[in-house]
Structure formats: C-alpha cells, structure tokens
Amino acid sequence: MTATVHRPSRTALRRLAAELRRGGLVAVPTETVYGLAANALDAKACAAIFAAKERPPEDPLIVHVDSVSAAAAVAELNPAARALARAVWPGPLTMVLPKKAVVPAIVTAGLDSVAVRVPRHPVFRDLLRECGLPLAAPSANPFGYVSPTLPEHVQRGLGDRIEPILDGGPCEVGLESTIVDLRNPARPCVLRPGAISAAQIAKV
Ligand code: AMP
Ligand code: MG
C-alpha cells in the first residue's frame, strides 16, 4: 500500500468522510500535528489506529469533535469545562472528562474518562462536519517517533500502512495539545503541557 495525498477539495472531503464512515483510517491535518483519524464510535476502526501505529493499547486516544454540543455527546461537561471551552475552543486544548457510554473502551484504554478537543484547523473542521462523527486521532506516526507536521512526514512514517492523507499544509502550532483533567472542576490538573499555557487555563 502507498499513501496518497489528497488536496482538500469538496470531492476529496466527501470521499474521505465516506471512508471514515466505512471504518477506514484517514491522516488529517490539525493545528498541532497531523493525526491518524478513525470513527471514535467504532471500536474496530479505532483498533486499526493502534495497529497502524503499533501503539500500546494502554495509551488512550483523543476524540476530536466540531462543537461543544458534539463534545457533550461523548463526555460529561461540567461548568468549568464549558467555561474553558468558550475561552479556548476551537484550539489546542484537550479536556479529560467522565466519558459517555457511546465511547468504546478501546478509545479510552478502559478508563471511565475520555479526552476531547475541538480543533481549529479549517480543513480538519470541514472533514469533521462532512462526516458528522467524533474522530479519534493520535499523531500520525509510528509509536515513539517524532510527530508529523507535513503530509510528507506522514508518508515517510506510515506511507506503507495507510491510504489517504488529507493535505492541510504545514501545521501551525507544531506542538501537541495541552491536556487538562477537569473531572474535579475545583482542581483542574494539567496532565501534559502544550500549546495552551497553564496560566491561560488558570485565568479562565
Ligand atoms: P496523543 O498521543 O497526542 O494523541 O495524546 C494522547 C494522550 O492523551 C495519551 O497519551 C494520554 O496521555 C492522554 N489521554 C487520553 N485520554 C486520556 C484519559 N482518559 N485520561 C487521561 N489522559 C488521557
Ligand atoms: Mg503522539
């Protein structure tokens, strides 16, 4: 198999959205790094992400959605999460919250929480809207390798294991999203530093 890079035309977005609905994998641009996306509600599709990346099953995936209401379909949002969402979404902040039952265990590595984010890359947002699904997407590289910020990086790392790569140009941030645990809204806890600073979170 050799991966093909697709320019983000209407036709390509429609075709790749159909591929995702069928349970396929698509490499996607985000503002942080390129991701390897699958339907987050389809356990088999998400298993294919772990297989392609050789990612250990203990390492949970981030679920990407295009709105706060879509986030509320996969996670229990509390008032602190809603306030933070208003301030920084769409953007490179991931929130860990209690998960809803629709999210398969493979996505969260069996945890009862889920990591969720509304990305701001316009091409990824177009694809999310086109397919109408939450998309689980870790970085599009073999486990343990540097995260890709260009379609060519994805092709080099995973080109023989995946098919479509959606071209969204170079990633603007080039750094992983900040992850904040908001399960206890009184005590938010930054689990991974990233593009959004702890000070920005504290201010909200
Ligand atoms: P990435 O590899 O950039 O997709 O980031 C995924 C990371 O998010 C994982 O390695 C975990 O550190 C974190 N993560 C995802 N889901 C959860 C969760 N439910 N609870 C805590 N951390 C999580
Ligand atoms: Mg990664």
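Residues numbered from 1 in each chain as written. Chains lettered and ligands numbered in written order. Predicted model: local features only at pLDDT ≥ 70, side-chain atom pairs only at ≥ 80, totals over all residues. Heavy atoms only, no water.

Engineer: Help me understand the overall build of the chain, please; the structure alone is not making it clear to me.
Structural biologist: In terms of regular secondary structure, the chain is built from 7 helices and 10 strands. Here the C-alpha radius of gyration of the chain, 16 Å, is about what a compact globule of 204 residues would show, namely 17 Å. Reported as C-alpha extents along the three principal axes, the dimensions of the chain are approximately 50 × 30 × 30 Å. Burial statistics for the chain: of 204 residues in total, 50% are counted as buried. Nonlocal contacts in the chain, meaning residues at least 24 apart in sequence, comprise 66% of its contacts between residues at least 6 apart. Per element, the accessible surface of the chain, about 9000 Å² overall, is 55% carbon and sulfur. Within the chain, the 18 negative side-chain charges are centred at a point lying 5 Å from the centre of the 23 positive side-chain charges. (Helix = DSSP H or I, 4+ residues; strand = E, 2+ residues; numbered from the N terminus. Rg over C-alpha atoms; globule rule 2.2 N^0.38 Å. Buried < 20%, exposed > 50% of the residue type's maximum accessible area, 1.4 Å probe, protein only. Contact = heavy atoms within 4.5 Å. Areas by Shrake-Rupley, 256 points an atom, 1.4 Å probe, with all protein chains shown as cover. Lys, Arg positive; Asp, Glu negative; His and termini not counted. Charge placed at Lys NZ, Arg CZ, Asp CG, Glu CD.)

Engineer: Sorry, what's going on with the site of ligand 1 here?
Structural biologist: Around ligand 1, a shell composed of 14 residues is seen, among which Arg55, Asp59, Ser113, Ile179 and Arg192 lie nearest. Contact distances for ligand 1 include 2.5 Å between an oxygen atom and a side-chain N or O atom of Asp59. One of the side-chain N or O atoms of Ser113 is found 2.9 Å from a nitrogen atom in ligand 1. Surface burial for ligand 1 is 80%, taken as the share of its 490 Å² of free accessible area covered by protein chains. At the level of secondary structure, the elements contributing two or more residues to the shell around ligand 1 comprise strand E6 (113-117) and strand E10 (189-192). (Near = heavy atom within 4 Å. Polar contact = N/O pair within 3.5 Å; in protein donor to acceptor, adjacent residues only side chain to side chain.)

Engineer: Whenever I open this one, the state of the cysteines confuses me. Can you help?
Structural biologist: Between two cysteines, a covalent bond joining their sulfur atoms is known as a disulfide. One pass over the full model with this rule turns up 0 disulfides. Here Cys131 stays unpaired: no disulfide links it, and the sulfur of Cys46, its closest cysteine neighbor, is 12 Å away. You can see Cys171 has no disulfide; the closest cysteine sulfur is in Cys131, sitting 18 Å from it. Assessed through its relative accessible area of 11%, Cys171 is described here as buried. (Disulfide = S-S within 2.5 Å.)

Engineer: Even after reading the chapter, I still don't get the packing of helix H1 (residues 10-21) against helix H5 (residues 122-131), so can you show me in this structure?
Structural biologist: The description of two helices packed together rests on the angle between their axes and the distance between the axes. Viewed as axis vectors pointing N to C, H1 and H5 meet at an angle of 55 degrees, and their least axial separation amounts to 9 Å. Considering their axes alone, H1 and H5 lie oblique with respect to each other. Seen along the crossing, H1 lies across H5 with a hand that is right-handed. Touching Arg10, Leu13, Arg14, Leu16, Ala17, Leu20 and Arg21 of H1 are Val123, Asp126, Leu127, Glu130 and Cys131, all from H5. Considered class by class, the residues forming the contact of H1 with H5 number 7 nonpolar, no polar and 5 charged. (Axes fitted to C-alpha atoms, helices over the stretch in contact; angles between N-to-C directions. Parallel < 35°, antiparallel > 145°, perpendicular 65-115°, else oblique. Left-handed = near helix turned anticlockwise from the far one by under 90°. Nonpolar A, V, L, I, M, F, W, Y, C, P; charged D, E, K, R; others polar.)

Engineer: Hey, could you run me through the pairing of strand E5 (residues 93-98) in this one?
Structural biologist: Remark: a regular strand shows side chains that alternate across the two faces of the sheet. Of all 6 residues making up E5, 5 are buried, and the element is well covered by its neighbours. Pairing of E5 with strand E9 (residues 178-181), which is carried by 4 bridges, proceeds in the parallel orientation. Across the sheet, the residue bridging to Met95 is Val180, located in E9. (Pairing = 2+ DSSP bridges.)

Engineer: I keep staring at unusual backbone geometry and nothing clicks. Help me out?
Structural biologist: Note on backbone geometry: most residues besides glycine have negative phi, and most peptide bonds are trans. Cis geometry is adopted by the peptide bond preceding Pro90, which originates at Trp89 and carries an omega value of 0 degrees. Along the chain, the position of Pro90 falls in the loop between helix H4 (79-88) and E5. The phi dihedral of Ala109 falls on the positive side, at around 55 degrees, and the residue is not glycine. Considering the arrangement of structural elements, one finds Ala109 in the loop between E5 and E6. In this structure Ala109 comes out as partly exposed when scored by relative accessible area, which is 27%.

Engineer: Could you clarify how one ought to interpret the side chain of Arg55 in this entry?
Structural biologist: Within the secondary structure, Arg55 is located in the loop between helix H2 (43-53) and strand E4 (62-64). Residues contacting Arg55, with those up to four places away along its chain left out, are Phe50, Pro60, Leu61, Pro138 and Phe143.

Engineer: What should I look at first to understand H1 in this one?
Structural biologist: Because each turn of an α-helix spans 3.6 residues, side chains separated by three or four positions in sequence point in the same direction. Relative to the 16 Å expected for 12 residues at 1.5 Å per residue, H1 spans 17 Å between its end C-alpha atoms, a close match to the ideal helical length. Within H1 the residues assigned to the buried category are Ala12, Leu13, Leu16, Ala17 and Leu20. Take H1 and look down its axis: the buried residues cluster within an arc of 130 degrees, on one side only. Against strand E1 (4-6), strand E2 (26-28), strand E3 (35-39), H5, strand E7 (135-136) and strand E8 (164-166) lie the buried residues of H1. Of the residues trailing H1, Gly23 is marked for its positive phi of about 100 degrees. (Expected span 1.5 Å × (residues − 1). Arc of directions from axis to C-beta.)

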